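Structure assessment
Here are the chains, one letter per residue:
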2 protein chains.
Amino acid sequence: MKLSSANIENHLDTVYDAIVVGGGMGGLSAAIYLARYGLKCLVIEKGRGRSLWMQETRNYLGLDPSTPGRNILTHGTKQAIEWGADHLRAFVENVTDEGDTLAVHVKIGKKNDRSYTLRSKYLVAASGVIDVLPELEDMQNVYDYAGYTLHVCMICDGFDMWDQKAVLIVKREAQINAAFVMNWFTPYISVLTHGHVPVSDAMKQQLADHGYPLYEAPIARFLGENHKMSGVELEDGTVVEATTGLINMGSIYHNQYLKGIEELTWDGENLITNTMTQTTHDRIFALGDLKQGLNQVSVAVADGTLAATQIWRNIRRASEPRKWEENVPKQTTAA
Amino acid sequence: MKLSSANIENHLDTVYDAIVVGGGMGGLSAAIYLARYGLKCLVIEKGRGRSLWMQETRNYLGLDPSTPGRNILTHGTKQAIEWGADHLRAFVENVTDEGDTLAVHVKIGKKNDRSYTLRSKYLVAASGVIDVLPELEDMQNVYDYAGYTLHVCMICDGFDMWDQKAVLIVKREAQINAAFVMNWFTPYISVLTHGHVPVSDAMKQQLADHGYPLYEAPIARFLGENHKMSGVELEDGTVVEATTGLINMGSIYHNQYLKGIEELTWDGENLITNTMTQTTHDRIFALGDLKQGLNQVSVAVADGTLAATQIWRNIRRASEPRKWEENVPKQTTAA
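Residues numbered from 1 in each chain as written. Chains lettered and ligands numbered in written order. Predicted model: local features only at pLDDT ≥ 70, side-chain atom pairs only at ≥ 80, totals over all residues. Heavy atoms only, no water.

1. Digging into the state of the cysteines
One pass over the full model with this rule turns up two disulfides over all chains. Across the disulfide, Cys-153 of chain A is cross-linked to Cys-156 of chain A (sulfur-sulfur distance 2.3 Å). Taking the sign of the S-S torsion, 75 degrees for the link of Cys-153 of chain A and Cys-156 of chain A, the bridge is right-handed. Residues Cys-153 of chain A and Cys-156 of chain A agree in their burial class; the two are buried. Cys-41 of chain A carries a free sulfur, and the closest cysteine sulfur to it, the one in Cys-156 of chain B, is 18 Å from it. (Disulfide = S-S within 2.5 Å. Buried < 20%, exposed > 50% of the residue type's maximum accessible area, 1.4 Å probe, protein only.)

What follows is the structure in structure tokens.
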């Protein structure tokens, strides 16, 4: 069922089996499985996740490579609700451990927002990341290319850059090292630091050894039309010719709401999980981009399967077995 | 490219980067990724795998739950070939380790079959399992219901059995324990041993305690119409009423071709793998149902992603980096 500020009051006494924070690829997969295990679950989605920006889903078995991420999200959300999941558009501010339950504190609405607390036995953290994009005065100019010919994931889209002139846009010096992986796909790499970092002499030498020019001036705008890049104009007037590129400026993690849970173990911003995606907190699972490993749709979807299955096992094992009562010989009971 | 006995001779000198044994969900996902990493790969598919029998794909994000497995296989095979993978319909008889390469010995064709040897740097074992089905004189009667209302996977289809009268068909006593998991979905469980096993008194008592009747006579035929079961008729004339059921008679593993590789480590018929699906042989990866873990489409698809990515990393790291030659200052070379 779709929840909103109009009907949320009826659900404040519910203890969900699982609340899934994030309605992206991993979260929706978890919700579909949880619902089909007959468990009471709620997906809380803030909107504008990474997969919403995917213009094409290149490598996911079963879908045409031209399928936009938003289509999968719409389809999966509908599916989860049809199987019985609840779905709420809200922002998760904080999670607190109450012992038997986890309290999920949310804010609904942008203007005049209101705060509510929802409760569950298990939490599935599937709130993912978004990519840092270069900040230009005209952000629409970035959106015109990002996700089309200007990529944010080398594994997903390296193939589509094959032997093209490409820019690699970074924010920190260490991110320049992506050039020495990206050159598997194309050796025609120009590195742009967008004025962010001084680059060490050692890195400059390594780039020169590979023949990859380095441009340290800030980006003025991306050139091209119909989402097809033709180059990048820098603020010093230089035009770097490129028909494709990779933005490798790091990620923003949506994990702040978990920072107060002491039992969790972090590797940087990623949660440490076991083979069933369970974190070091017994009742918190982490999926996809929030945990260690590859940031790929297929991995997040499988993670959802694993988390939901482990939660089902835990809840099932703690439940009384259902008997075929009418078949059981009547027992004499003391009144 | 589609390979067959008509053009295979041209590929006997090829050393593939990876040969994928099995063109099911995991194998096709691996092939799509391998091809998009620009690696030379060949999928060898014998046909009639487990996912071909799936009449509906219930839990896989992005697809309608009514999607038959064969549609995904057809779509994925076409996709892999379009990205550059080779595909061969053949049966893999044996794999031998030649040091730098693995030799994959195949048989093409059913009548007048011919044997060939293909070679690769890496092997992806994605040949999966098939379910053991009850053997009746009229197997078409089994196929009329198996995969429709008579299921082989409780995780996939338990939800669709909810509170219905269901049969649990087993071959060994230990398989009866599935009843005590299946009762999460329905308590109206009749256990059929199809005359296969004597059942211990302890198990009989446990079933009686739950009110689950046990029928030890062989199955004569499944009753119903249009793939919808209404019951099971036993050879002793008993009719067991049931609108759904689970066949839990074990699996046949397609892994014989790997049994000569000494470095592999087995857990029963499953291969032990690391987090990237690499077996204990450096150049052999195992996916989906062949490895330990859940037998789910989403897991096999993610496994394909992981195997292909690790193979790409290994091959890339062993390759010379590509330089932007025209930018590199000309070096004086001694003639």
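Following the structure, the description resumes.
2. As for the pairing of strand S3 (residues 41-45) of chain A
All names here are of chain A. Within S3, five of the five residues are buried, leaving the element largely enclosed by the surrounding structure. Residues of S3 alternate between two faces, with Cys-41, Val-43 and Glu-45 on one and Leu-42 and Ile-44 on the opposite face, all of them buried. In the sheet, strand S2 (residues 15-21) pairs with S3 via four bridges, with the strands oriented parallel. Paired with Val-21 across the bridge in S3 is Ile-44. A crossover connection joins S2 to the parallel S3 through helix H1 (residues 25-36); in handedness this β-α-β unit is right-handed. Both S3 and strand S4 (residues 86-89) contribute to a ladder of four bridges, which runs parallel. Following the sheet pairing, Leu-42 is matched in S4 by Asp-86. Note that the unit made of S3, helix H2 (residues 69-83) and S4 has a crossover that is right-handed. (Helix = DSSP H or I, 4+ residues; strand = E, 2+ residues; numbered from the N terminus. Pairing = 2+ DSSP bridges. Right-handed = clockwise from strand over helix to strand, strands pointing away.)

3. Description of the sheet that holds strand S15 (residues 239-241) of chain B
Residues and elements named next belong to chain B. Read from one edge to the other, the open sheet built from three strands follows the order S13-S14-S15, with strand pairing classed as antiparallel. Every interior strand has two partners, whereas the edge strands, strand S13 (219-225) and S15, have only one. When strand polarity is set aside, the average angle formed by the axes of neighbouring strands in this sheet is 30 degrees. (Axes fitted to C-alpha atoms, helices over the stretch in contact; angles between N-to-C directions.)

4. A word on the pattern of salt bridges
It is possible for side chains bearing opposite charge to pair when their charged atoms get close. Taken as a whole and judged by the stated rule, the model has 30 salt bridges over all chains. As a salt-bridge pair, Glu-82 of chain A and Lys-78 of chain A come within 3.1 Å of each other at their nearest N and O atoms. With a gap of four residues between them, Glu-82 of chain A and Lys-78 of chain A both fall in helix H2, about one helical turn apart. The exposure class assigned to Lys-78 of chain A is exposed, which follows from its relative accessible area of 53%. One salt-bridge network, held together by shared partners, links Arg-36 of chain A together with Glu-56, Arg-58 and Asp-160 of chain B. (Salt bridge = Lys/Arg side-chain N within 4 Å of Asp/Glu carboxyl O.)

5. Side note on the relation of the copies chain B and chain A
Screw-axis analysis of chain B against chain A gives a translation of 0.0 Å along the axis, an RMSD of 0.0 Å, and a rotation angle of 180 degrees. Taken together, these values place the two copies in the relation of a two-fold axis. Distance from the rotation axis, computed per C-alpha, reaches its smallest value in chain B at Ala-302 of chain B: 3.1 Å. In this assembly the copies share their binding face: 100% of the residues contributing to the interface of chain B also contribute to that of chain A. (Least-squares fit on C-alpha atoms with pLDDT ≥ 70 in both. Contact = heavy atoms within 4.5 Å.)

6. Some words on helix H6 (residues 201-210) of chain B
Side chains of residues three or four places apart in an α-helix project in the same direction, reflecting 3.6 residues per turn. Residue and element names in this part refer to chain B. Where H6 is concerned, the buried positions are Met-203, Leu-207 and His-210. Buried residues along H6 cover an arc of 65 degrees about the axis, so they all sit on one side. More than 90 degrees from the buried face of H6, the exposed residues found are Asp-201 and Ala-202. Next to the buried residues of H6 lie helix H5 (179-182), strand S11 (189-192) and strand S12 (214-215). Remark: Gly-211 follows H6 within two positions and exhibits a positive phi of approximately 80 degrees. (Arc of directions from axis to C-beta.)

7. Looking at the packing of aromatic side chains
The full count for this structure, using the stated rule, is 23 aromatic pairs over all chains. With a centroid separation of 6.1 Å and an interplanar angle of 25 degrees, the aromatic rings of Phe-180 of chain B and Tyr-212 of chain B are classed as stacked. Taken together, the residues span a long stretch of sequence, with Phe-180 of chain B in helix H5 and Tyr-212 of chain B in the loop between H6 and S12 at a distance of 32 residues. Residue Tyr-212 of chain B is classed as buried on the basis of its relative accessible area, which comes to 2%. The rings of Tyr-33, Tyr-37, Trp-83 and Trp-312 of chain A together with Phe-159, Trp-162 and Phe-185 of chain B are connected pair by pair, giving a single aromatic cluster. Above the ring of Trp-83 of chain A, the side-chain terminus of Arg-36 of chain A is found at 4.3 Å from the ring centroid. (Phe/Tyr/Trp six-rings, centres within 6.5 Å; stacked < 30°, edge-to-face > 60°. Lys NZ or Arg CZ within 6 Å of the ring centre and 35° of its normal.)

8. Observations regarding the sheet that holds S11 of chain B
Residue and element names in this part refer to chain B. Pairing in this open sheet of five strands is parallel, and the strands run S9-S16-S10-S11-S12 from one edge to the other. Each edge of the open sheet is held by one strand with a lone partner, namely strand S9 (150-151) and S12. Bridging between strand S10 (residues 166-170) and S11 involves four bridges; their strand directions are parallel. Bridged to Ala-166 within S11 is Ile-189.

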